[in-house]
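Residue strings, one per chain:
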Amino acid sequence: MNRLATRPLIAPSLLAADFARLGEEARAVAAAGADWLHLDVMDGHFVPNITFGPLVVKALRPHTALPLDVHLMIAPADPYLAAFAQAGADHISVHPESGPHLHRTLQQIQALGKKAGVVLNPATPVEAVTHVLDLCDIIMVMTVNPGFGGQRFIASQLAKIATLRGLIDAAGRDIVLQVDGGVTAENAGQALAAGADCLIAGTAIFAAPDYAQAIEGLRAG
Ligand code: DX5
Ligand code: ZN
């Protein structure tokens, strides 16, 4: 996926945006140089927080041309894949723990014409994804436990990022390796050095006074 495009990609997470002005916030980060827009969908069941569903994704769609990078923290995920695809998601990423048949879930996402991603929680081993690499467009390493923005980056995940970088390169497939959670200008360099090619950041961008400066700070590592 745009392997030769500018890397690292920066994907602001709207979780840290002003929810009363989501359209405006999406336009602001696009103007500030964001590459993708990361949308955190939480159900209060798979994770202990609730955010939004396909209706909000659909409402945001006309506000930006950026790819909508939808991170599903819901279980089960399968019954909602079509709704998110129809709402305008470009990428749909799921956690292996959200259903019994990850291989089938990824096939379903791709059959809907969307990029498919797998998200690994801090305690989830790399092996959860090794046998479905051929169906992955995206692999996301969580550097916090999912559910909330503004948490501390878990540095033990850097080794997992490096391992996945090696696996992706060995597979020779164009899989984007994302890092999600607690990413700041201070640790972005470590994530990039470990091999990440897309940084997701909520607080580090939306709590900053200047979104463009924050995005460039992350990109510079
Ligand atoms: C956590 C989410 C992340 C998070 C990022 O469950 O998946 O996308 O909101 O926010 P920060 O950058 O504040 O950790
Ligand atoms: Zn996320």
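Residues numbered from 1 in each chain as written. Chains lettered and ligands numbered in written order. Predicted model: local features only at pLDDT ≥ 70, side-chain atom pairs only at ≥ 80, totals over all residues. Heavy atoms only, no water.

Asker: Any details on the site of ligand 1? Residues and values, ideally.
Answerer: In the neighbourhood of ligand 1, 20 residues make up the surrounding shell, with G150, D180, G182, G202 and T203 lying closest. With respect to ligand 1, the side chain of T203 contributes an N or O atom lying 2.5 Å from an oxygen atom. Considered on its own, ligand 1 offers 380 Å² of accessible surface; in the complex 99% of this is hidden by protein. Breaking the shell around ligand 1 down by element, the ones donating at least two residues are β2 (37-42), β3 (68-73) and β8 (198-201). Ranked by residues supplied to the shell around ligand 1, first place goes to β2 with three residues. Residues of the shell around ligand 1, tallied by class, amount to eight nonpolar, ten polar and two charged. (Near = heavy atom within 4 Å. Polar contact = N/O pair within 3.5 Å; in protein donor to acceptor, adjacent residues only side chain to side chain. Areas by Shrake-Rupley, 256 points an atom, 1.4 Å probe, with all protein chains shown as cover. Helix = DSSP H or I, 4+ residues; strand = E, 2+ residues; numbered from the N terminus. Nonpolar A, V, L, I, M, F, W, Y, C, P; charged D, E, K, R; others polar.)

Asker: So what about the nonpolar core? Which residues, and what values?
Answerer: Formed by 63 residues in total, the largest nonpolar core has its most connected members in L39, L72, F84, I139 and I205. Once residues lying within four places of it in the same chain are set aside, the contact partners of I205 are I10, P12, V29, Y211, A214, I215 and L218. L9, A11, M140 and I200 belong to the second largest nonpolar core, which has eleven residues in total. (Core = buried A, V, L, I, M, F, W, Y, C linked by side-chain atoms within 4.5 Å. Buried < 20%, exposed > 50% of the residue type's maximum accessible area, 1.4 Å probe, protein only. Contact = heavy atoms within 4.5 Å.)

Asker: Give a detailed account of the coordination of the zinc ion (ligand 2), specifying residues and quantitative values.
Answerer: Ligation of the zinc ion (ligand 2) by protein atoms is provided by H38 (NE2), D40 (OD), H71 (ND1) and D180 (OD), these donors lying 2.0 to 2.3 Å from the ion. Taken together, the six donor atoms coordinating the zinc ion (ligand 2) and their angles of 70 to 167 degrees define a geometry best described as octahedral. All donors to the zinc ion (ligand 2) come from one chain, and their sequence spacing reads H-x1-D-x30-H-x108-D. Here H38 is found in strand β2, whereas its partner H71 is found in strand β3, with 33 residues between them in sequence. With respect to burial, H38 and H71 carry one shared label: buried. (Donors = N, O, S within 2.8 Å, 3.2 Å for Na, K, Ca; no water. Tetrahedral: all angles 85-135°; square planar, octahedral: opposite > 155°, others 65-115°.)

Asker: Before we move on, can you summarise the sheet that holds β8 with the specific residues and values?
Answerer: Here we have eight strands laid out as an open sheet, ordered β1-β8-β7-β6-β5-β4-β3-β2, and parallel in their pairing. The two strands at the open ends of the sheet, each matched to only one other strand, are β1 (9-12) and β2. Averaged over all adjacent pairs, the angle separating strand axes in this sheet is 25 degrees, with direction ignored. One ladder, built from four bridges, connects strand β5 (residues 115-120) with strand β6 (residues 138-142); its direction is parallel. If you follow G117 over to β6, its bridge partner there is I138. Packing of helix α4 (residues 102-111) onto the sheet brings it into contact with β4 (91-94) and β5, and relative to β5 it is tilted by some 145 degrees. (Pairing = 2+ DSSP bridges. Axes fitted to C-alpha atoms, helices over the stretch in contact; angles between N-to-C directions.)

Asker: Describe in detail the environment of Q110, supporting the description with residues and values.
Answerer: Mapping Q110 onto the fold places it in helix α4. When the C-alpha positions of Q110 and H91 are compared, they lie 9.4 Å apart, and in sequence the two are 19 residues distant. When sequence neighbours within four positions are dropped, the list of residues in contact with Q110 reads A116, L135, C136 and D137.

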